[in-house]
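# Summary of structural features
If you want the building blocks of each chain, they are given just below.
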Amino acid sequence: MKIGVDGNEVHLSTGGRAHEAGRPFVMFLHGSGFDRHSWPLQSRALAYDGYNVIAADMPGHGLSAGAPLAGIETQAEWALKLLDALGAPQAVLVGHSQGGLIALEMAKKAPQRVRAIVFIGSAAAIPVNPQLIEQAENDRFAAYANMVDWAYGPDAHMHENTWPGASHIHYALQVMSMSDPLALSTDLKSCAAYSGGEDAARGLKCPVMCILASQDKMTPAKAGKALAGLIADCEMHVIAGSGHTLPTERPREVNALLRAFLSRLDAQAAA
């Protein structure tokens, strides 16, 4: 699906099902240097469960036009504009890594628009090694290779794959190479500069779930646990054996947790 935001064309996946009036929205927010291809197994599953799915390429990522947006605050404002453009008054936000920071800031800016949040491999703050930022600016393909190496767990490195016939490693490298040359460096600098996460987390009033990975080198589980500790209404799960890229490394486990969480939300709304 294509739609305009701020004069630029945005490419997004709806999980293969058109949006329908009256159905709840679920918005997926990808991490640094990635795009909607982080979510194929989640977006399709939830779309066929009856949700209006939004899995968009941020500007300058994937097939979306425009320059990459600098700053988590600016990215959150853009995501809220995308909800407006799609006629979504409210959504459950599912944020991976940097996407979790964007979800925090969206809830801070417009709490009435956020029904609930699912953080996946995320934290209240995501510090970034300055050398990685410098590499992303000067040799982006080397930075992609380092990111992918660190992001995936041991099973993915051995090509023990939850996607038969595919390679997590080569898939991720291809996805990252599709974006604007400045997308990764802009994203990494945005994460490093963001300091409002703890205050935003303490202020959350909506239901929250944190899904963490035991082998996460990019955003270690202890950082995700610290985020969960700041939130009044939060359930937490740690998936064993996975690296940072939980949605593709452990899609069955992630999907089961998402479906259970959403079912509880829907039951509460119907009560």
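The following paragraphs examine the structure supplied in this document. (Residues numbered from 1 in each chain as written. Predicted model: local features only at pLDDT ≥ 70, side-chain atom pairs only at ≥ 80, totals over all residues. Heavy atoms only, no water.)

Turning our attention to unusual backbone geometry. In this structure, Asp6 takes a positive phi of about 55° despite not being glycine. A positive phi angle, close to 55°, is found at Ser97, a residue other than glycine. Topologically, Ser97 is positioned in the loop between strand E5 (91–96) and helix H3 (98–109). (Helix = DSSP H or I, 4+ residues; strand = E, 2+ residues; numbered from the N terminus.)

Here the structure, examined in full by the defined rule, presents zero disulfides. No disulfide involves Cys191; its sulfur sits 16 Å from that of Cys210, the nearest cysteine. In this structure Cys206 is a free cysteine whose sulfur lies 9.9 Å from that of Cys234, the closest cysteine sulfur available. (Disulfide = S-S within 2.5 Å.)

At 3.6 residues per turn, the α-helix brings residues three or four places apart onto the same side. Inspection of helix H10 (residues 221–230) places Ala221, Gly224, Leu227 and Ala228 among the buried residues, and these make up the whole buried set. For H10, the angular spread of the buried residues around the axis is 115°, confining them to a single face. Structural note: H10 exposes Lys222 and Gly229 on the side pointing more than 90 degrees away from its buried face. Elements that come into contact with the buried residues of H10 comprise strand E6 (114–120), helix H9 (197–202), strand E7 (208–213) and strand E8 (234–239). (Buried < 20%, exposed > 50% of the residue type's maximum accessible area, 1.4 Å probe, protein only. Arc of directions from axis to C-beta. Contact = heavy atoms within 4.5 Å.)

This next bit is on the nonpolar core. The biggest cluster of nonpolar side chains holds 64 residues, and the ones touching the most others in it are Met27, Leu82, Leu93, Met106, Ile117, Phe119 and Leu204. By residue number, the principal contributor to this core is helix H2 (residues 72–85), which donates seven residues. When neighbours within four sequence positions are excluded, Leu82 is seen to be in contact with Ile3, Val5, Val10, Leu12, Met27, Ile54 and Ala56. Ranked by size, the runner-up nonpolar core spans 24 residues in total, among them Tyr51, Ile120, Met209 and Ile239. (Core = buried A, V, L, I, M, F, W, Y, C linked by side-chain atoms within 4.5 Å.)

All right, on to the sheet that holds E7 then. Reading across from one edge, E1-E2-E4-E3-E5-E6-E7-E8 is the order of the eight strands in this open sheet, with mixed pairing throughout. Edge positions in the sheet fall to strand E1 (2–5) and E8, since each has one partner strand and no second. The sheet shows a mean angle of 25° between the axes of neighbouring strands, direction not considered. The strands that H10 touches are E6, E7 and E8; relative to E7, the one it contacts most, it runs at about 170°. (Pairing = 2+ DSSP bridges. Axes fitted to C-alpha atoms, helices over the stretch in contact; angles between N-to-C directions.)

Here we come to the packing of aromatic side chains. For the structure shown, the criterion picks out two aromatic pairs. Both rings, one in Phe28 and one in Trp39, keep their centres 4.8 Å apart while their planes meet at 40°; by these two values the pair is tilted. Of this pair, Phe28 sits in strand E3 (residues 25–29) while Trp39 sits in the loop between E3 and helix H1 (40–48); the two residues are eleven residues apart in sequence, bridging distant segments of the chain. Taken individually, Phe28 and Trp39 each receive the classification buried, so the pair is uniform in this respect. Where Phe141 meets Tyr144, the ring centres are 5.4 Å apart and the plane angle is 80°; that geometry is what we call edge-to-face. A residue pair is termed a helical-turn pair when its members lie 3 or 4 positions apart in one helix, as Phe141 and Tyr144 do in helix H5 (residues 140–151) at three residues. Lying over the aromatic face of Tyr48, Arg17 brings its terminal NZ or CZ to 4.7 Å of the ring centre. (Phe/Tyr/Trp six-rings, centres within 6.5 Å; stacked < 30°, edge-to-face > 60°. Lys NZ or Arg CZ within 6 Å of the ring centre and 35° of its normal.)

Buried residues dominate E7, accounting for six of its six residues. Here E7 shows two buried faces, one formed by Val208, Cys210 and Leu212 and the other by Met209, Ile211 and Ala213. Examined bridge by bridge, E6 and E7 share four bridges and lie parallel to one another. Considered in E7, the bridge of Val118 is made with Met209. Note: E7 against E8, six bridges, orientation parallel. Directly across from Cys210, in E8, lies its bridge partner Met236. Assessed by its sense of winding, the connection that carries the chain from E7 through H10 to E8 is right-handed. (Right-handed = clockwise from strand over helix to strand, strands pointing away.)

We now examine the pairing of strand E4 (residues 52–56). Burial analysis of E4 places five of its five residues in the buried class, which makes it a mostly covered element. Of the two faces of E4, both are covered, the one formed by Asn52, Ile54 and Ala56 as well as the one formed by Val53 and Ala55. Sheet topology note: the strand E2 (residues 8–13)/E4 ladder contains two bridges and is antiparallel. Considered in E4, the bridge of Leu12 is made with Ala56. Judged from the four bridges that link them, E3 and E4 form a sheet pairing that is parallel. The partner of Phe25 across the bridge, within E4, is Asn52. Regarding topology, H1 serves as the crossover connection from E3 to the parallel E4, and that connection is right-handed.

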